[in-house]
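# Tertiary structure, described
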Amino acid sequence: KVDLGVIATWVKKHASLYEAATRHPFIESIRNGTVDLSSFRRWLGQDYIFVRAFVPFVASVLVKACNETDDSSDMEVILGGMAALNDELAWFKKEASKWGVTLSAIVPLAANVRYCSFLKSLMSLEVEYTVALTAFWAIEAVYQDSFAYCLEEDTETPEELKETCYRWGNDDFGEWCCTLEERANRRLQMASEDVRKKAEAVFLRVLELEIEFWDMSRVGI
Ligand code: HMH
């Protein structure tokens, strides 16, 4: 082990923003059992809209991987992520009916609209594969880190929210995120300084958008 990967150095360098995204008051409230269920329901409905917009973004990363990378492992890791999104959409429908949330009636709130347009901008052919791959990692890593935190020992996470936490907080998803991080690190290491700078900026933007996304759960309370 010589040194940290590029991504680990960024997480260290921007630790306070990373922590704001992964230890948000909404996540803390799930973890300590004080979560307001209307906030949870709002998050659930908004996240379903987000995931629907996330699918074409991930597809665009897959296309870039097939066109640009020398190594087929990238494609396989991204394809694994896409397959998981198929289950995820089905899960949202099931979970929404359990909580009495009508998905067809959800209107995306401003922060969600901003996040979905950001995803759209990343789908442009002008966005380098390495930059898009880094964004993909960051988006998944924030959820993995946040929900795994709610499943640690001696937490008060309500029983009825554990399945949600487990969806992103489980160890297999954690390992998949690590693999994705390694794939992104490999590309970042061989990238130009210019591309590395762009990828770092995109990482920071994802963190900001994730914070605003969690903030949405608190609208009106
Ligand atoms: C807002 N970020 C948001 N929603 C998600 N479902 C994920 C990340 C992870 O898939």
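Below is a summary of the structure that appears in this document. (Residues numbered from 1 in each chain as written. Predicted model: local features only at pLDDT ≥ 70, side-chain atom pairs only at ≥ 80, totals over all residues. Heavy atoms only, no water.)

### Topic: helix 5 (residues 72-99)
Helix length check: helix 5, at 28 residues, gives a terminal C-alpha distance of 41 Å against a target of 40 Å (1.5 Å per residue), a fit within 8%. Of the residues trailing helix 5, Gly100 is marked for its positive phi of about 65 degrees. (Helix = DSSP H or I, 4+ residues; strand = E, 2+ residues; numbered from the N terminus. Expected span 1.5 Å × (residues − 1).)

### Notes on the site of the ligand
By nearness alone, every residue bordering the ligand is listed as Asp47, Phe50, Val51, Phe54, Glu88, Tyr115, Ile139, Glu140, Tyr143, Trp168, Glu210 and Phe213. Between the ligand and Glu140 there is a distance of 2.9 Å, counted from an oxygen atom to a side-chain nitrogen or oxygen. In this structure, Tyr143 approaches the ligand through a side-chain N or O atom, which is 3.2 Å from a nitrogen atom. Coverage of the ligand by the protein amounts to 100% of the 290 Å² it exposes when considered alone. When residues of the shell around the ligand are traced back to their parent elements, those giving at least two are helix 4 (37-68), helix 7 (129-150) and helix 10 (193-216). If one sorts the elements of the shell around the ligand by residue count, helix 4 sits on top with four residues. Grouping the constituent residues of the shell around the ligand by class yields eight nonpolar, no polar and four charged. (Near = heavy atom within 4 Å. Polar contact = N/O pair within 3.5 Å; in protein donor to acceptor, adjacent residues only side chain to side chain. Areas by Shrake-Rupley, 256 points an atom, 1.4 Å probe, with all protein chains shown as cover. Nonpolar A, V, L, I, M, F, W, Y, C, P; charged D, E, K, R; others polar.)

### Quick look at the environment of Tyr149
Its location among the elements puts Tyr149 in helix 7. Taking relative accessible area as the criterion, Tyr149 reaches 13% and is therefore assigned buried. Ignoring anything within four residues of it in the chain, the contact list for Tyr149 reads Thr22, Arg23, Ile27, Glu28, Arg31 and Thr155. (Buried < 20%, exposed > 50% of the residue type's maximum accessible area, 1.4 Å probe, protein only. Contact = heavy atoms within 4.5 Å.)

### Some details on the side chain of Ser60
Looking at where Ser60 falls in the secondary structure, it is placed in helix 4. Classification of Ser60 as buried rests on a relative accessible area of 12%. Here Phe57 takes part through its backbone oxygen, which lies 2.6 Å from a polar atom of the side chain of Ser60.

### A word on the side chain of Asp47
Assignment of secondary structure puts Asp47 in helix 4. Among buried Asp, Glu, Lys and Arg side chains, Asp47 stands out as unpaired, with Arg167 the closest opposite charge at 9.1 Å. For Asp47, the side chain forms a polar contact with the side chain of Tyr143, separated by 3.0 Å. Beyond its immediate stretch of four places on either side in the chain, Asp47 contacts Phe92, Tyr143, Trp168 and Phe213. (Lys, Arg positive; Asp, Glu negative; His and termini not counted. Salt bridge = Lys/Arg side-chain N within 4 Å of Asp/Glu carboxyl O.)

### Examining the nonpolar core
Core analysis: the largest hydrophobic core is formed by 75 residues, its most contacted members being Trp43 and Phe57. No other element matches the 15 residues that helix 7 contributes to this core. Here Phe57 is in contact with Leu119, Leu122, Met123, Ala132, Ala135, Phe136 and Ile139, once residues within four sequence places are set aside. (Core = buried A, V, L, I, M, F, W, Y, C linked by side-chain atoms within 4.5 Å.)

### A word on the packing of aromatic side chains
Taken as a whole, this structure holds 27 aromatic pairs when the rule is applied. On the basis of an interplanar angle of 50 degrees and a centroid distance of 4.6 Å, the ring pair of Phe50 and Tyr115 is categorised as tilted. Within this pair, whereas Phe50 is found in helix 4, its partner Tyr115 is found in helix 6 (residues 110-122), the two being separated by 65 residues in sequence. Accessibility assignment for this pair places Phe50 and Tyr115 in one class, buried. For the pair Trp91 and Phe92, a centre-to-centre distance of 5.1 Å together with 75 degrees between the ring planes defines the contact as edge-to-face. Here the aromatic residues Phe26, Phe40, Trp43, Tyr48, Trp91, Phe92, Trp99, Tyr143, Phe147, Trp168 and Trp214 are joined through ring pairs into a cluster of three or more. For the cation-ring pair, Arg23 lies above Tyr149, with the distance from its terminal atom to the ring centre recorded as 3.8 Å. (Phe/Tyr/Trp six-rings, centres within 6.5 Å; stacked < 30°, edge-to-face > 60°. Lys NZ or Arg CZ within 6 Å of the ring centre and 35° of its normal.)

### Focus on the packing of helix 7 against helix 8 (residues 162-169)
Remark: helix 7 packs on helix 8, axes separated minimally by 7 Å, with the N-to-C direction vectors making an angle of 135 degrees. On the basis of the axis angle, helix 7 is oblique to helix 8. Both helix 7 and helix 8 take part in a crossing whose hand is left-handed. Listed contacts from helix 8 to Tyr143, Gln144, Phe147, Ala148 and Cys150 of helix 7 are Thr164, Cys165, Trp168 and Gly169. Within the contact of helix 7 with helix 8, the residues separate by chemical class into six nonpolar, three polar and no charged. (Axes fitted to C-alpha atoms, helices over the stretch in contact; angles between N-to-C directions. Parallel < 35°, antiparallel > 145°, perpendicular 65-115°, else oblique. Left-handed = near helix turned anticlockwise from the far one by under 90°.)

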